[in-house]
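What the coordinates show
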Amino acid sequence: MFARVAAIALNTFREAIRNRILYTLLVFAVAMISFAQILSLLTVGSEEKIIKDFGLASIDIFGVLTSVFIGIGLVSGEIERRTVYTLLAKPIHRFEFVLGKYGGLMITLLVNTTVMALWFFLVLIVKGMFDPRLVLAVLLLYFQFLLITAIAVLFSCLSSPILSSVLTLALYIIGHLLWSLDLLKEKLTSPVGKTACAALYYLLPNLQNFDIKGQVVHGLPIDPAVPAFATVYLVLYGSAVLLGACAVFQNKELQ
Amino acid sequence: MAVLELSGISKSYRTHLSLRKYWILRDLTLSVREGEIFGFIGTNGAGKTTTIKLAIGLIFPDGGTIRIFGEDARRVGLRRRIGFLPENPYFYDYLTGVEFLDFHARLFGLGSQERRRRVQDLLERVGLGNRGDRQLRHYSKGMLQRIGLAQALINDPDLVILDEPMSGLDPIGRREVRDIILDLKARGRTVFFSTHILSDTETICDRVGMLVRGTLKAVGAIDDLVARQVRFWEVAVRGLRDDHLPCGRIVSRREDVVLARVETEDDLKRLLRFLDARGGALISVTPARESLEDLLIRESRGADPERPAEVREREAQHVR
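Small disclaimer: the values here were computed from a predicted structure and weren't measured.

**Comments concerning the overall build of chain B**
Secondary structure assignment for chain B yields 10 helices and 14 strands. Across the 320 residues in chain B, those meeting the buried criterion constitute 41%. Residue pairs in contact within chain B that sit at least 24 positions apart in sequence constitute 70% of those at least 6 positions apart.

Shown next, in the form of structure tokens:
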């Protein structure tokens, strides 16, 4: 099983690195990180915060865009181009195909994030502003990309690429605003409303679990439980989403 | 022994705007024997590609069973013994021919040395020996068909299923594919292929199945299906001025060449005597026998008005 998943993952990675979209996003990310230095000159006294904040935000946005725009085409693109026909005529299970595609994007995102992070760290090291906690912040961002990719793959099994990208981006935004659901729950008086808010709070992906940018940029302490919780959350939530994607794809008619 | 066995297969689709079911296949029962070349013929939209997708497991039947090598076709392990080429195949165009075949060989868990040997061997076999290092996006349609055939054979399969393998190929390409199919038979493999190019079918198939609007209309050896006796004769004559013939009728007249048709052997003899007497120069006498094409056209006449264009389109979409 592993050899087949690895073969598909390797091919997916090969496809991604030969895709111009990836390079365009990467160039933009590197340009944005560099632009942070110019932007920091416009502020007085908070140059370091601006560079770090802008750099992490750039890695976040361009990583998410890579997850979404490559992730949504992983399965539906194969069906549309009918390349999946020859693959599934081989002795591979459909879940192996989904896992292989996901694995390929995991590797792509790792390379992508590493390149962006290295450039970011280099800029900070040259300026003498490097903080080792930034590595943890980037690692958690990578975990977030993995979760978003799993969601993109699920939508990719369910619907068209355009709808999948809209839904995945919507969940990314909602995932960072879940605290508002918690606030709403406190303000509601109806028990039905409170239960609905609580259910949504736990059902929707809580991407705040991966966000320690604020603490790192402002030099605030980080609770050691945060990275551990983020890891467990990724494994459990990500596995559930991928399991759903495999179940959907298992019964999908490939017209 | 039956290598591929479909029993009572039915398949329907619903169009986007309707809840009504439209049947693509109805109660299809078909059996492909070991070591034979089986041609699956039918017009566009007859249900050939649907049947093949069902056999491969890309779609699922509404009813009936499919068995391959005596086992349930849904068993993934069975595919180690199957090779498949889809119709108008689309492949990863960013890969080179060698990378593409190597990738498919990996899916069978072949070692690197074995992969390299098989890839080179197959590239030679399909006539792409010196094109393996080019990306597939630079391949012509004929070359894509050939590399597709190579990936179908990468596991040295016992059963090869090809969906319209001659489609879009020039005469040389068709001849090469035909030779590969015959070579597979010579090696004891079973080949099941769909086509609407009937001349190829008549040349190489041991048996054919004829699908018309989702129903198997005929199955068997070609000689058993089509009447081989002469149906009529066509006689071409030069220099015949008279429009009146003692028998038969004039089909066409171009300059001083007349093409006449007679129905029986006695009429033919009378016509030849008449021409001899009138001094007409005989150019040719051609006996017309029923062909597979005649049979298919006869069976296909009177398209089902209930069958919506969208359903026929679904089947025909790969042809365009």
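**Considering the pairing of strand β9 (residues 207–212) of chain B**
Side-chain direction in a regular strand flips from residue to residue, so the side chains alternate between the two faces of the sheet. Residue and element names in this part refer to chain B. Across the six residues of β9, five count as buried, placing the element largely inside the fold. Across five bridges, the pairing between β9 and strand β10 (residues 215–220) is antiparallel. For V208, the partnering residue across the bridge sits in β10 and is G220. The antiparallel pairing of β9 with β10 creates a hairpin that spans two residues between the two strands, and R213 there sits at a positive phi of about 45°.

**A few points about the nonpolar core**
By size, the foremost hydrophobic cluster in this structure holds 134 residues, and its most contacted members are I59, V98 and V153 of chain A together with A150, I161, V191 and F192 of chain B. Considering each element in turn, this core owes the most residues, 17 residues, to helix α7 (residues 133–158) of chain A. Not counting the four nearest positions on each side in its chain, I161 of chain B is found in contact with I52, A55, I56, I82, F84 and F192 of chain B. By size, the runner-up hydrophobic cluster in this structure holds 11 residues, among which are W233, V235, V237 and L245 of chain B.

**Some thoughts on the sheet that holds strand β1 (residues 2–14) of chain B**
If you trace the four strands from one edge of the open sheet to the other, you get β2-β1-β4-β5 (chain B), paired in antiparallel fashion. Bordering the open sheet on either side are β2 (21–33) and β5 (71–72) of chain B, each of which pairs with just one other strand.

**So, the domain arrangement of chain B**
Looking at chain B, the domain boundaries give domain 1 (2–226 + 294–319) and domain 2 (230–289). Distance from the C-alpha centre of domain 1 of chain B to the C-alpha centre of domain 2 of chain B: 44 Å.

Rules behind the numbers
Residues numbered from 1 in each chain as written. Chains lettered and ligands numbered in written order. Predicted model: local features only at pLDDT ≥ 70, side-chain atom pairs only at ≥ 80, totals over all residues. Helix = DSSP H or I, 4+ residues; strand = E, 2+ residues; numbered from the N terminus. Buried ≥ 20, exposed ≤ 12 C-beta atoms within 10 Å, placed from the backbone. Contact = placed C-beta atoms within 7 Å. Pairing = 2+ DSSP bridges. Core = buried A, V, L, I, M, F, W, Y, C linked by C-beta atoms within 7 Å. Domains from an automatic or database assignment.

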